[in-house]
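Given next are the chains, with one letter for each unit.
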Amino acid sequence: MITTARKRKTTALTVAGALLGGALAGCGGTAAPAPTALAPTSPAPTSPSAPAPGAATSAAPKKPPTMAAGPAGRTPVFERRPTGGGAAGSAAEKAAAEKVVALTFDADMTADQGPRAKAGERFDNPELIALLRRLRVPSTVFMTGRWAEEYPAQAKGIGTDGLFEVANHSYSHYAFTADCYGLPVVAKDAMTRDVERAFSAFRQAGVRNVVPYFRFPGGCYDDAALRALGPANVTAVQWDVVSGDAFATDAGAVAEQVLDGVRPGSLVVMHCTRSAAPVTAEAISRIVPELRKRGYRFVKVSELMEG
């Protein structure tokens, strides 16, 4: 589990460029709350209508790995694969030292942004998803339930394509702590319901490749939030590499920041939002070939966590 000091460092980096303002939105009637017991679906075969040319490269496990709950049932937190002991280490340590990296993309539409979408603001980025397919990059999309409601066809296309897995980014994209980039705050007794509501929205949209992972809106959490989310039975997923693509206008700078930060086992946070992260696709077109040249293999979070 991340220490308080380390969490503060991650949050500070987030301010610098990853999740500014809390109003970012994602890539790709209100849903009724799901039952209390969550049951994210297992990854399904690639949909014929959404072929996944890279699916064979990084097939999702039948049962996505999770971390054990923390003390008193607190939600566990994963942020990167631990570094192993190299050639002299055990098989597990060698696997941990493998040059793998997980690219993750947040689909951050907030619950109150419907009027902006109706006015023409685009909270999706289908061009980015198409690029990931062309480059055959297995990826994890952290999707809000509200985004899945706004773009159900895209949500289903992503969530039935074996190249991708869909994780939970809350329903509302409201904060789970106070003072999180100006976001409205979810009450402690409503946090689990908010997560369940997102899973329900995925099911209603036809998303099948769902994994039991959760990313806190804004990356903000505290001990109270970890305790409150215990009943949701999810593993919280953070990151160790901040791309800085949020509101960025220089794709080269975004690519350089990612390339400078990636290490074996890294987990990168990015966005797939035309309105709030307009240069992400261009940055990806530079990041992917360079990391492959350096010997890296792209994996989903589920595979990264297996190590």
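Caption draft 1: Layout of the environment of Tyr-174. Among the secondary structure elements, Tyr-174 is positioned in the loop between strand E4 (164-168) and helix H7 (191-205). Between the alpha carbons of Tyr-174 and Asp-112 there is a distance of 9.7 Å; along the sequence they are 62 residues apart. Excluding anything up to four places from it in sequence, Tyr-174 contacts Thr-110, Ala-111, Asp-112, Leu-183, Pro-184, Val-186 and Pro-217.

Caption draft 2: Seen up close, the nonpolar core. Grouped together as the largest cluster of nonpolar side chains are 66 residues, with contacts concentrated most on Met-143, Trp-147, Phe-176, Phe-202, Phe-216 and Ile-284. Looking at this core element by element, the count peaks at seven residues for H7. Setting aside chain neighbours within four positions, we find Phe-216 in contact with His-169, Phe-176, Tyr-221, Ala-225, Leu-226, Leu-229, Ala-236 and Gln-238. Core analysis: the next-biggest nonpolar cluster, separate from the first, contains 16 residues, Val-100, Phe-142, Tyr-213 and Trp-239 among them.

Caption draft 3: Molecular detail of the pairing of E4. In terms of burial, E4 is a largely internal element, five of the five residues being buried. In E4, alternate side chains face the same way, and those of Phe-164, Val-166 and Asn-168 on one face and Glu-165 and Ala-167 on the other are all buried. Alignment of strand E3 (residues 139-143) against E4, held across five bridges, turns out to be parallel. Note on E4: the bridge partner recorded for Ser-139 is Phe-164. For the crossover that starts at E4, traverses H7 and ends in the parallel strand E5 (residues 210-214), the hand is right-handed.

Caption draft 4: Representation of the side chain of Arg-81. Relative to the helices and strands, Arg-81 resides in the loop between strand E1 (77-78) and helix H2 (91-96). A distance of 3.0 Å separates a polar atom in the side chain of Arg-81 from the backbone oxygen of Glu-303.

Caption draft 5: Geometry of the environment of Thr-177. In this structure, Thr-177 sits in the loop between E4 and H7. A relative accessible area of 9% places Thr-177 in the buried class. Separated by 46 residues in sequence, Thr-177 and Asp-223 have C-alpha atoms that sit 9.7 Å apart. Those residues in contact with Thr-177, other than ones at most four positions away along the chain, are Val-185, Cys-220, Tyr-221 and Asp-222.

Caption draft 6: Region of interest: the confidence of the model for the protein chain. Looking at the protein chain, pLDDT values average 83 and 76% of them are 70 or higher. Long-range and interchain partners of residues 1-26, a stretch whose pLDDT sits below 50, account for 82 contacts in this model, where long-range means more than four residues apart. Counting interchain partners and residues more than four positions distant, the pLDDT-below-50 stretch residues 28-61 has 83 contacts.

Caption draft 7: Region of the structure containing the state of the cysteines. Scanning all chains against the criterion turns up one disulfide. Note that Cys-180 is cross-linked by a disulfide to Cys-220, the S-S spacing being 2.2 Å. Around the S-S axis, the bridge from Cys-180 to Cys-220 shows a dihedral of about 80° and counts as right-handed. You can see Cys-180 sitting in the loop between E4 and H7 and its partner Cys-220 sitting in the loop between E5 and helix H8 (223-228), a full 40 residues away along the chain. With respect to class, Cys-180 is no different from Cys-220; both count as buried.

Caption draft 8: Geometry of helix H10 (residues 280-293). Taking 1.5 Å of rise per residue, the 14 residues of H10 would be expected to cover 20 Å, and the 20 Å separating its terminal C-alpha atoms lies within 8% of that figure. Regarding H10, the residues found buried are Thr-280, Ala-281, Ala-283, Ile-284, Ile-287, Val-288 and Leu-291. The buried residues of H10 occupy an angular sector of 140° when the element is viewed end-on, so they sit on one face. In the core, the buried residues of H10 are packed alongside strand E2 (100-107), helix H4 (126-135), helix H9 (251-261), strand E8 (266-271) and strand E9 (297-299). In the segment just after H10, Gly-295 is the residue with positive phi, at about 95°.

Caption draft 9: Representation of the packing of H4 against H10. Look at H4 against H10: their axes get within 10 Å of each other, and the N-to-C directions meet at 20°. One finds that H4 runs roughly parallel with respect to H10. Judged by the sense of rotation from one axis to the other, the crossing of H4 with H10 is right-handed. For the pair H4 and H10, the contacting residues are Leu-128, Leu-131, Leu-132 and Leu-135 in the first and Thr-280, Ala-281, Ile-284, Ser-285, Val-288 and Arg-292 in the second.

Caption draft 10: How the structure looks around the pairing of E5. Burial within E5 is extensive, with five of its five residues counted as buried. Residues of E5 alternate between two faces, with Val-210, Pro-212 and Phe-214 on one and Val-211 and Tyr-213 on the opposite face, all of them buried. Pairing analysis gives two bridges linking E4 to E5, with the strands arranged parallel. For Asn-168, the partnering residue across the bridge sits in E5 and is Phe-214. Here two bridges tie E5 to strand E6 (residues 235-237), and the two strands are oriented parallel to one another. Considered in E6, the bridge of Tyr-213 is made with Thr-235.

Rules behind the numbers
Residue numbers run consecutively from 1 along every chain, following the written order of its sequence. It should be noted that, the model being predicted, local features are given only for residues of pLDDT at least 70 and side-chain atom pairs only at 80 or more, the latter also being counted only at that level, while totals for whole chains, interfaces and linings use all residues. Values shown for side chains rest on all heavy atoms present in the structure; no hydrogens or waters enter the calculation. A helix here means a DSSP run of H or I that spans at least four residues, while a strand means a run of E at least two residues long, and both kinds are numbered starting from the N terminus. Residue contacts are counted whenever heavy atoms from the two residues lie within 4.5 Å of one another. Here the nonpolar core consists of buried residues drawn from Ala, Val, Leu, Ile, Met, Phe, Trp, Tyr and Cys, with membership extended through side-chain atoms lying within 4.5 Å. Each residue's exposure class comes from its accessible area (1.4 Å probe, protein chains only) as a fraction of the maximum for that residue type: buried when under 20%, exposed when over 50%, partly exposed otherwise. Think of it this way: DSSP has to see at least two bridges between two strands before they count as a pair. Handedness rule for crossovers: strands pointing away from the viewer, path from the first strand over the helix to the second running clockwise, crossover right-handed. Within 3.5 Å is the distance limit for a polar contact, defined as a pair of N or O atoms, with the added protein rule that one can donate a hydrogen and the other accept it, and that residues adjacent in sequence qualify only through two side-chain atoms. Confidence of the predictor in every single residue is expressed as pLDDT, which spans 0 to 100. By convention in this document, the label disulfide applies to cysteine sulfur atom pairs within 2.5 Å. Between the first and last residue of a helix there are one fewer steps than residues, each counted as 1.5 Å, and that sum is the expected span. Relevant arc is that of directions from the helix axis to the C-beta atoms, nothing else. Simply put, an axis is a line fit to the C-alpha atoms, just over the touching stretch for a helix, and the angle between two N-to-C directions goes from 0 to 180 degrees. Any angle between 65 and 115 degrees counts as roughly perpendicular, while under 35 counts as roughly parallel, over 145 as roughly antiparallel, and the rest as oblique. Should the near helix be turned counterclockwise from the far one by less than a right angle, the crossing is left-handed, whereas a clockwise turn marks it as right-handed.

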